[in-house]
Amino acid sequence: DKGNHRHFMQKEIYEQPVVVAQTLRSYLQRMEGHVTLPIPDNDLSDVRRVTIVACGTSFYAGMVARYWFEQFARVPVDLDVASEFRYREPVMEAGGLALFISQSGETADTLAALRHARREGQRIAVVCNVPTSSMAREADILLPTHAGPEIGVASTKAFTCQLAVLAALAANLARAKGKLSDAEERDIVRHLAEAPAAINGALAYDETIEAMAGSVAGARDVLYLGRGTDYPLALEGALKLKEISYIHAEGYAAGEMKHGPIALIDDQVPVIVIAPSGPLFEKTVSNMQEVRARGGRVILISDYDGIQAAGEGCEATITMPKVHPLIAPIVYAVPVQLLAYHVAVAKGTDVDQPRNLAKSVTVE
Ligand code: F6R
């Protein structure tokens with residue numbers, strides 16, 4: 001049932017404040033200021049390396065998590081798309097945690113990678129939205145997302161719930177490794193708990209985004225740029241746009257532009273820059289200015305401060321609430337989803353059932 005929404009995707013985008021809150025409830029003890037995992041045997045103190053494997057949007061959630069695991073827990077992280085993981089014959093040592101992220105829990109490549117890691121003696125953690133799925137059943141450590149059924153083929157609410165769980169897991173691992181003080185853990189809990197309201201704040205810009213969709217819908221190519229945890233978001237933005245609007249889109253690390261892709265820029269190419277104000281802002285903005293200098297049409301997604309500082313001369317700006325960098329990827333996922341959604345609606349494509357795609361990919 002789509003309720004009063006036109007598509008499942010739209011409904012699922014709008015469910016995010018509720019389902020992210022629902023997911024966080026089983027990981028955060030807000031009063032005590034603790035992060036806990038909803039499993040009995042949850043001591044992660046002996047984890048020496050984390051190997052993250054997933055496909056598509058779930059892979060991009062894993063890519064964000066890599067920053068968090070390394071930043072908070074100081075544990076080295078390997079990250080692979082599931083379809084490539086086994087072919088590089090990964091070296092997996094004892095004491096490793098292998099982490100699989102999947103909405104469906106049935107993606108064939110991810111499941112095969114899980115079984116490979118099991119044979120290599122890894123502890124298996126699974127972040128999954130379907131508790132009865134194959135991956136959930138084969139996990140040593142099952143970390144559920146509580147997004148509810150996701151019907152739209154393009155993943156939206158599963159992604160933000162995955163990010164919520166992964167942030168909690170990173171904090172838990174950091175705690176187990178003695179890398180997080182009580183005060184730091186309390187801060188993480190407080191910031192994560194602010195995510196649902198901030199997502200609501202982001203949803204308030206739906207009409208602004210809808211109004212600019214027409215200008216993107218006519219483009220042949222679109223680029224997305226981000227730095228740090230906004231780099232995986234740029235990749236996710238491009239994936240969302242191409243899968244439902246069939247417009248060619250690429251995500252790049254902002255600093256990579258000058259190493260090649262800037263040659264694509266002309267006055268026909270919209271460039272979506274994802275840049276919350278913060279320590280990486282200045283550098284991303286200078287990459288954005290390089291694009292502008294070549295006539296690129298920039299759409300800047302930032303907060304009020306960021307747009308005050310760098311919004312002039314952009315074709316359009318989208319103002320997000322000012323949030324802590326930890327939850328920025330969760331909040332900035334929303335405008336990226338809404339832009340893809342409205343562009344697809346403007347083009348008249350089948351938003352919930354895009355051509356050539358299946359919700360659950362059960363072949364390798
Ligand atoms: C993108 C999308 C796909 C899935 C991928 C993995 O919107 O839906 O890229 O993310 O097929 O699926 P799961 O998470 O079920 O393993």
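The preceding data block contains the structure.
Residues numbered from 1 in each chain as written. Predicted model: local features only at pLDDT ≥ 70, side-chain atom pairs only at ≥ 80, totals over all residues. Heavy atoms only, no water.

## Here we look at the sheet that holds strand S6 (residues 123–128)
Reasoning step 1: Strand order in the open sheet formed by five strands is S4-S3-S5-S6-S7, with parallel pairing between adjacent strands. Two strands bound the open sheet, and with one partner strand each, they are strand S4 (77–81) and strand S7 (141–144). The mean inter-strand angle of the sheet, taken between neighbouring strand axes irrespective of direction, is 20 degrees.
Reasoning step 2: Against the sheet, helix H5 (residues 108–119) engages strand S3 (49–54), strand S5 (96–102) and S6, with an angle of about 165 degrees to S5.
Reasoning step 3: On top of the sheet, helix H7 (residues 157–176) reaches S3, S5, S6 and S7; it is set at about 165 degrees to S5, its chief contact. (Pairing = 2+ DSSP bridges. Helix = DSSP H or I, 4+ residues; strand = E, 2+ residues; numbered from the N terminus. Axes fitted to C-alpha atoms, helices over the stretch in contact; angles between N-to-C directions. Contact = heavy atoms within 4.5 Å.)

## Here we look at the site of the ligand
Reasoning step 1: Residues in close proximity to the ligand total 14 residues, the closest being Ser58, Ser102, Gln103, Thr107 and Glu243.
Reasoning step 2: Between serine 58 and the ligand, the recorded distance is 2.6 Å, taken from a side-chain N or O atom to an oxygen atom.
Reasoning step 3: Contact distances for the ligand include 2.9 Å between an oxygen atom and a backbone N or O atom of serine 155.
Reasoning step 4: Relative to its unbound accessible surface of 410 Å², the ligand loses 90% to contact with the protein.
Reasoning step 5: Broken down by secondary-structure element, the contributors of at least two residues to the shell around the ligand are helix H3 (56–73) and helix H11 (230–245). (Near = heavy atom within 4 Å. Polar contact = N/O pair within 3.5 Å; in protein donor to acceptor, adjacent residues only side chain to side chain. Areas by Shrake-Rupley, 256 points an atom, 1.4 Å probe, with all protein chains shown as cover.)

## Topic: the side chain of glutamine 162
Reasoning step 1: One can find glutamine 162 in helix H7.
Reasoning step 2: When near neighbours in sequence (up to four residues on either side) are disregarded, glutamine 162 contacts Thr57, Ser58, Ala61, Ile101, Ser102, Gln103, Val127 and Thr145.

## Section: the packing of H3 against H7
Reasoning step 1: Between H3 and H7, the least distance of the axes is 9 Å, while the angle of their chain directions is 25 degrees. Compared by their axis directions, H3 and H7 come out roughly parallel. At the point where H3 passes H7, the crossing takes the right-handed sense. On the side of H3, the interface is formed by Thr57, Ser58, Tyr60, Ala61, Gly62, Val64, Ala65, Trp68, Phe69, Phe72 and Ala73, while H7 contributes Phe159, Gln162, Leu163, Leu166, Ala167, Leu169, Ala170, Leu173 and Ala174.
Reasoning step 2: Class assignment for the residues of the contact of H3 with H7 results in 16 nonpolar, four polar and no charged. (Parallel < 35°, antiparallel > 145°, perpendicular 65-115°, else oblique. Left-handed = near helix turned anticlockwise from the far one by under 90°. Nonpolar A, V, L, I, M, F, W, Y, C, P; charged D, E, K, R; others polar.)

## Quick look at the pattern of salt bridges
Reasoning step 1: On inspection of all chains with the given rule, the structure shows 17 salt bridges.
Reasoning step 2: Put simply, lysine 240 and glutamate 243 hold a salt bridge, and the shortest N to O gap is 3.5 Å. Highlighted residues: lysine 240 and glutamate 243, both in helix H11, separated by three residues, approximately one helical turn.
Reasoning step 3: Among the ionic pairs, glutamate 315 bridges to arginine 297, the shortest N-O distance being 2.7 Å. (Salt bridge = Lys/Arg side-chain N within 4 Å of Asp/Glu carboxyl O.)

## A look at unusual backbone geometry
Reasoning step 1: In this model, tyrosine 246 sits at a positive phi of 65 degrees, which is unusual for a non-glycine residue.
Reasoning step 2: Of note, tyrosine 246 is situated in the loop between H11 and strand S9 (248–253).
Reasoning step 3: With phi around 70 degrees, asparagine 356 is a residue other than glycine that occupies positive phi space.
Reasoning step 4: Here asparagine 356 is to be found in the segment after helix H14 (328–347).
Reasoning step 5: Judged by relative accessible area, which is 75%, asparagine 356 ranks as exposed. (Buried < 20%, exposed > 50% of the residue type's maximum accessible area, 1.4 Å probe, protein only.)

## Structural notes on the sheet that holds strand S10 (residues 270–274)
Hydrogen bonds between backbone groups are what pair the strands of a sheet, and the pairing can be parallel or antiparallel.
Reasoning step 1: If you trace the five strands from one edge of the open sheet to the other, you get S9-S8-S10-S11-S12, paired in parallel fashion. At either margin of the open sheet sits one strand with a lone partner, and together these are S9 and strand S12 (316–320). Taking each pair of neighbouring strands and ignoring which way they run, the sheet shows an average axis angle of 20 degrees.
Reasoning step 2: The sheet contact formed by strand S11 (residues 297–303) and S12 spans five bridges and is parallel.

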